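Okay, here's what each chain looks like letter by letter:
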Amino acid sequence: MNITVREIMPADYSVLEDFLYNAIYVPPGEEWPPRDVIFQPEIYIYVDGFGDKQGDIGVVAEADRKIIGAAWTRIIPAYGHLDENTPELAISVLPEYRGQGIGTLLMEKLFGLLCEHGYKRTSLSVQQDNPAVRFYQRLRFVITDEKLDHAGHEDFIMVKELCSMKTETQEKLACSLSAETTELLPFLPYLLQDFWELGSDPAVMVKLIKKHVDVSPETRILDLACGKGAVSVKIAEKLRVKVKGIDLLPEFIEYAHEKAQEFDVADLCEFAVGDINEAVKTETDYDCVILGAVGDALGSPAETLCKLKSVIKPGGYILIDEGYLPGGAKQSDVKCSHYELLTEAQWTDLFKEAGLQLVETVGDENNETAASGDSDTGMGFITARANELIEKHPAQREMFEGYVRGQQNEYGDLENTLVCVTWILRKN
Ligand SMILES: C[S@@+](CC[C@H](N)C(=O)[O-])C[C@H]1O[C@@H](n2cnc3c(N)ncnc32)[C@H](O)[C@@H]1O
């Protein structure tokens, strides 16, 4: 069967009524409603006068010149409505063509069109017991709310961010905060609200810079993936140097700004929301760059070193906070590993290959924690916040419980399996 997916044309609009009827979810054992159910105003609004409204964008799948599936969006006051900039999506594939990936093809095409029209996200509503929820989750829709629809069904409101961040970046972002799934991303600021330090120990960073870097009021330091700015603010406060912190999460950057004010270093600190992979393309001539507990967000270890080198002056310094596998340990001994870990010897070989001189290594059992603090206090905060979220979003209990388990495993790895260190390296 040859399937093509293309943008909907005015001649196709009339078929949307059929697809609207097909899009109705009928739980197993229940009878299909009569076709004229679609003319109920709260349902018909999804197709009424399609093509006339802002956000009316659609795609169809064709096989043998027959339309077998459609996905379309509108900005309408329907169940999944978020705001005037977010088109709500509906999708349906004829029953005999389901299970062949046609829905995914339709969605990918539609996401591309929405991006071209400048939309940043799309929403939908779906009955909670509809198996399509999993399909939407695979396409990175995230449950943001739960509502009752007009018929008393419990619906999820799901939202997908479009063309904002590459999937790989999202996945690495989630990993950098020990989240197993990108669906946790919208909840991470809430889960981590009780922490300021998110990985590396600011005191260790301050100590190493003070000892090795020739610090003056002109010294410029770049803190890549700075989290909530704990390291940046402490460096500015203790060493009176200029620090720029960059992180992907706007909530973290907002918090970093507040902390800079609280510690009276707002004039020394600059914080920006951004992807560090983009930042390393334009940031240059720093005296020192910091990558604290960020994992593989900059790529493989060799790529990471190359990118870090590119932002500092000759003679400049790199501080990396990482965990490595001690002699005899294997990757499989690590419970919560999101990327391949190296041994100390492998790291030191890479430093040499990259033309970096290892100046000092500081080991510290508490140097890198899942979300800083001692493990009992840390787990206490995380568990309490996760339980609050479970109460609010019971359908996502498993995801939040998984996050708590992941954090427990990570604390265990950091205490028992991995060696956490801060390296300071000098660019020759
Ligand atoms: C474990 S936290 C460490 C934060 C901080 N460096 C510290 O030591 O406290 C990891 C941070 O990496 C950030 N991150 C991950 N990928 C990123 C990317 N591509 N660009 C910017 N920030 C990123 C996350 O938002 C998170 O704040």
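From a predicted model like this one, the values you see are computed outputs, not experimental measurements.

Analysis parameters
Starting from 1, residues in each chain are numbered consecutively following that chain's sequence as written. Note on the predicted model: pLDDT of at least 70 is required for a residue's local features to be given, and 80 or more for side-chain atom pairs to be given and counted; whole-chain, interface and lining totals, by contrast, use all residues. A molecule or strand has a residue near it when that residue's C-beta atom, placed from backbone coordinates, lies within 6 Å of it. Secondary structure elements follow DSSP: runs of H or I of four or more residues count as helices, runs of E of two or more count as strands, with numbering from the N terminus. Field definition: a residue is buried when 20 or more other C-beta atoms are found within 10 Å of its C-beta, exposed when 12 or fewer are, and partly exposed for counts in between, with C-beta atoms placed from the backbone. Remark: residues whose backbone-derived C-beta atoms lie within 7 Å of one another are considered to be in contact. Domain start and stop points were drawn from an automatic or database domain assignment. Strand pairing requires that DSSP identify at least two bridges connecting the strands. Fitting a line to C-alpha atoms yields each axis, with helices limited to the stretch in contact; the angle taken between N-to-C directions then spans 0 to 180 degrees. Orientation labels follow simple angle bins: below 35 degrees gives roughly parallel, above 145 gives roughly antiparallel, 65 to 115 gives roughly perpendicular, and whatever is left gives oblique. Helix crossings get a hand from a simple test, with the near helix turned counterclockwise from the far one by less than a right angle marking a left-handed crossing and a clockwise turn marking a right-handed one. The nonpolar class holds Ala, Val, Leu, Ile, Met, Phe, Trp, Tyr, Cys and Pro. Asp, Glu, Lys and Arg form the charged class, and all remaining residues, Gly among them, are polar.

Draft legend 1. Quick peek at the site of the ligand. Looking at the ligand, there are 26 residues lining it, with Gly199, Ala225, Gly227, Gly292 and Ala297 nearest. Those elements that place two or more of their residues in the shell around the ligand are helix H5 (167-176), helix H8 (230-239), strand E9 (242-247) and helix H10 (276-282). Ranked by residue count, the leading element in the shell around the ligand is H5, at four residues.

Draft legend 2. A look at the environment of Leu268. With respect to the helices, strands and loops of the structure, Leu268 is situated in the loop between helix H9 (250-262) and strand E10 (269-273). For Leu268, a count of 21 C-beta atoms within 10 Å gives the class buried. Residues Leu268 and Ser232 lie 36 residues apart in sequence; the distance between their C-alpha atoms is 9.6 Å. Excluding residues within four positions of it along the chain, Leu268 makes contact with Ala236, Arg240, Val241, Lys242 and Val243.

Draft legend 3. Fine view of the domain arrangement of the protein. The domain boundaries assigned to the protein delineate domain 1 (3-161) and domain 2 (202-427). One C-alpha centre belongs to domain 1, the other to domain 2, and the line joining them spans 41 Å.

Draft legend 4. Just the pairing of strand E2 (residues 57-63), in detail. Across the seven residues of E2, five count as buried, placing the element largely inside the fold. As paired strands, strand E1 (residues 3-7) and E2 are joined by five bridges and run antiparallel to one another. Note on E2: the bridge partner recorded for Val5 is Ala61. Inspection of the sheet shows E2 paired to strand E3 (residues 66-74) by seven bridges, in the antiparallel sense. When the bridges of E3 are listed, Ala63 appears paired with Lys66. In textbook terms, the turn of a hairpin is the stretch between consecutive antiparallel strands, and for E2 and E3 this stretch comprises two residues, one of which, Asp64, has a positive phi near 50°.

Draft legend 5. Just the packing of helix H7 (residues 202-212) against H8, in detail. Remark: H7 packs on H8, axes separated minimally by 9 Å, with the N-to-C direction vectors making an angle of 45°. Overall, the two elements H7 and H8 adopt an arrangement that is oblique. Every pair of crossing elements has a handedness; the one defined by H7 and H8 is right-handed. Here H7 contributes Pro202, Met205, Val206, Ile209 and Lys210 to the contact with H8, which in turn contributes Ala230, Val231, Lys234, Ile235, Lys238 and Leu239. Of the residues belonging to the contact of H7 with H8, the class tally is eight nonpolar, no polar and three charged.

Draft legend 6. Quick look at the packing of helix H13 (residues 375-392) against helix H14 (residues 397-417). Running from N to C, H13 and H14 cross one another at 170°; their axes reach a closest spacing of 9 Å. When the axis of H13 is compared with that of H14, the two are roughly antiparallel. Contacts between H13 and H14 involve Ser375, Gly378, Met379, Ile382, Thr383, Ala386, Leu389 and Ile390 from the former and Arg397, Phe400, Tyr403, Val404, Gln407, Gln408, Tyr411 and Glu415 from the latter. Residues of the contact of H13 with H14, tallied by class, amount to nine nonpolar, five polar and two charged.

Draft legend 7. Main features of the environment of Leu20. Mapped onto the elements, Leu20 comes out in helix H1 (residues 16-22). For Leu20, a count of 24 C-beta atoms within 10 Å puts it in the buried group. As for Leu20 and Gly229, which are separated by 209 residues in sequence, their C-alpha atoms are 49 Å apart. Ignoring anything within four residues of it in the chain, the contact list for Leu20 reads Ile38, Ile43, Tyr46, Val47 and Ala90.

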